[in-house]
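# A structural walkthrough
Chain by chain, the residues run as shown.
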Amino acid sequence: MSTLIVTEIQKGAIREASYELVAFAQKIGGDYASLVIGSGVGDLATAFAGKGGGKTYVADDASLADYNVDGYNAAIQAAVAASGATTILVSNTPSGWDVAPRVAAALDAGFISDVFNHQDGNFVRRVFNGKLDAQVSAGGGTTVVTVQPGAIAPFEGSADGSTEALSVDTSGARAKFVETKVAEAKGVDLSKAEIIVSGGRGVGDPEKFPEVIQPLADALGGAMGASRPVVDAGWLPHEYQVGSSGQVVTPKLYVACGISGAIQHLVGMKGSNFIVAINKDADAPIFEVAQLGVVGDLFEIVPALTAAITAAKG
């Protein structure tokens, strides 16, 4: 089995998630190579090759200076052809979500998303809102896989590696980079909050957030957060979302109420100093990362906790 690691560059440096892909490729076993895409990225590619990337293909072209799906698609296909890779690893990030399925379609390959582990020759992803782990394989041929950032510790250290220039034809690209706009920050910056009380789908109703979750956050002097299903349902704006597709937070205290613990949420909050999980499902994955787990009805536990904290504060 041969694996191709597709790296990402952010703010002029290789993202840590790309080093996680190195560790993931090593977990899969067999040979692997890497791909660095951009303009003027030769030094980055050399450094990555020497830090575990192995043989690293360099798609260095002015047209690839900024991300565009057509150019990156062409670069990845060229690297697959050059390396003979049968497994392509892409980080499960916004650009990864965009380009990975296009590569799979172009190569007539299998596609497996949101993977967090490799076990018994299969890729492992959580299903049914994190209640079950599924082992998945593509059934032969080429497979494109997106891996959740934070699912595995990044490779650290040095290793022998080399670079090879890769010629990429981007003349047929139909998309082009125009500009980046940073949205105006709204609401609370959860990344700076020392205490966060988050609610998940288990809260059951949008009205319950101001009635149950926000009062506990206020009593603790913290901020309110939410899981992705809550935001997807339109119960709260995106700025409240904690997870790999929302905000990554590291508060002193994180209280998860009615959150099952899908991997994309765990990635966003597992760095918290102390995690309290309240869930009626004793098998919820959130308990795997919690220092304190309470199995029970959040509508009984959270108001009682809020009242006790308020009384203690006088």
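As a starting point, this report considers the structure included with it. (Residues numbered from 1 in each chain as written. Predicted model: local features only at pLDDT ≥ 70, side-chain atom pairs only at ≥ 80, totals over all residues. Heavy atoms only, no water.)

Next up on the list: the side chain of S198. Positionally, S198 belongs in strand β12 (residues 195–199). The exposure class assigned to S198 is buried, which follows from its relative accessible area of 0%. In this structure S198 touches I213, G225, A226, V242, Y254, V255, A256, C257 and I259, once residues within four positions along its chain are discounted. (Helix = DSSP H or I, 4+ residues; strand = E, 2+ residues; numbered from the N terminus. Buried < 20%, exposed > 50% of the residue type's maximum accessible area, 1.4 Å probe, protein only. Contact = heavy atoms within 4.5 Å.)

Now for helix α4 (residues 94–107). An ideal rise of 1.5 Å per residue puts 20 Å on 14 residues; α4 measures up with 21 Å between its terminal C-alpha atoms. Every buried residue of α4 is accounted for by S95, G96, V99, A100, V103 and A104. Projected down its long axis, α4 carries its buried residues within an arc of 140°, all on one side. Those residues of α4 that are exposed and aimed more than 90 degrees away from the buried face are P94 and A105. If you follow the buried residues of α4, they end up packed against α3 (69–83), β6 (87–91), β7 (110–119) and β10 (143–147). (Expected span 1.5 Å × (residues − 1). Arc of directions from axis to C-beta.)

Ranked by size, the top nonpolar core spans 26 residues in total, and within it L4, L35, I37, I76, I88 and V144 carry the most contacts. Of all the elements in the fold, those that place two or more residues in this core are β1 (2–6), β4 (31–38), β5 (55–60), α3, β6 and α4. For this core, the leading source of residues is α3, giving seven residues. The contact partners of I76, leaving out residues within four places of it in the chain, are L4, V6, L35, I37, I88, V99 and V103. V36, V41, A45 and I112 belong to the second largest nonpolar core, which has 22 residues in total. (Core = buried A, V, L, I, M, F, W, Y, C linked by side-chain atoms within 4.5 Å.)

The subject of this paragraph is the pattern of salt bridges. Here the structure, examined in full by the defined rule, presents nine salt bridges. Among the salt bridges present, the one from D98 reaches R102, with a minimum N-O distance of 3.7 Å. Of this pair, D98 and R102 both sit in helix α4, separated by four residues, roughly a single helical turn. Each of R126, D133 and E288 takes part in one network of salt bridges that share partners. (Salt bridge = Lys/Arg side-chain N within 4 Å of Asp/Glu carboxyl O.)

Take Q148: it is sitting in the loop between β10 and β11 (162–165). Sequence spacing of Q148 and E20 is 128 residues, and the spatial spacing of their C-alpha atoms is 9.3 Å. Leaving out residues up to four positions away in the same chain, Q148 has contacts with E20, N92, D114, V115, S244, I263 and Q264. In terms of polar contacts, Q148 uses its side chain to reach the side chain of D114, at 3.5 Å. (Polar contact = N/O pair within 3.5 Å; in protein donor to acceptor, adjacent residues only side chain to side chain.)

Most of strand β15 (residues 274–279) is tucked away: five of the six residues are buried. By the bridge criterion, five bridges tie strand β14 (residues 253–257) to β15 in an arrangement that is parallel. Within the sheet, the bridge partner assigned to V255 lies in β15 and is V276. Handedness of the crossover is the feature at issue here: the chain leaves β14, passes through helix α7 (residues 263–269), returns alongside β15, and the resulting connection is right-handed. Pairing between β15 and strand β16 (residues 292–295): four bridges, direction parallel. By the bridge assignment for β16, V276 is matched with L292. (Pairing = 2+ DSSP bridges. Right-handed = clockwise from strand over helix to strand, strands pointing away.)

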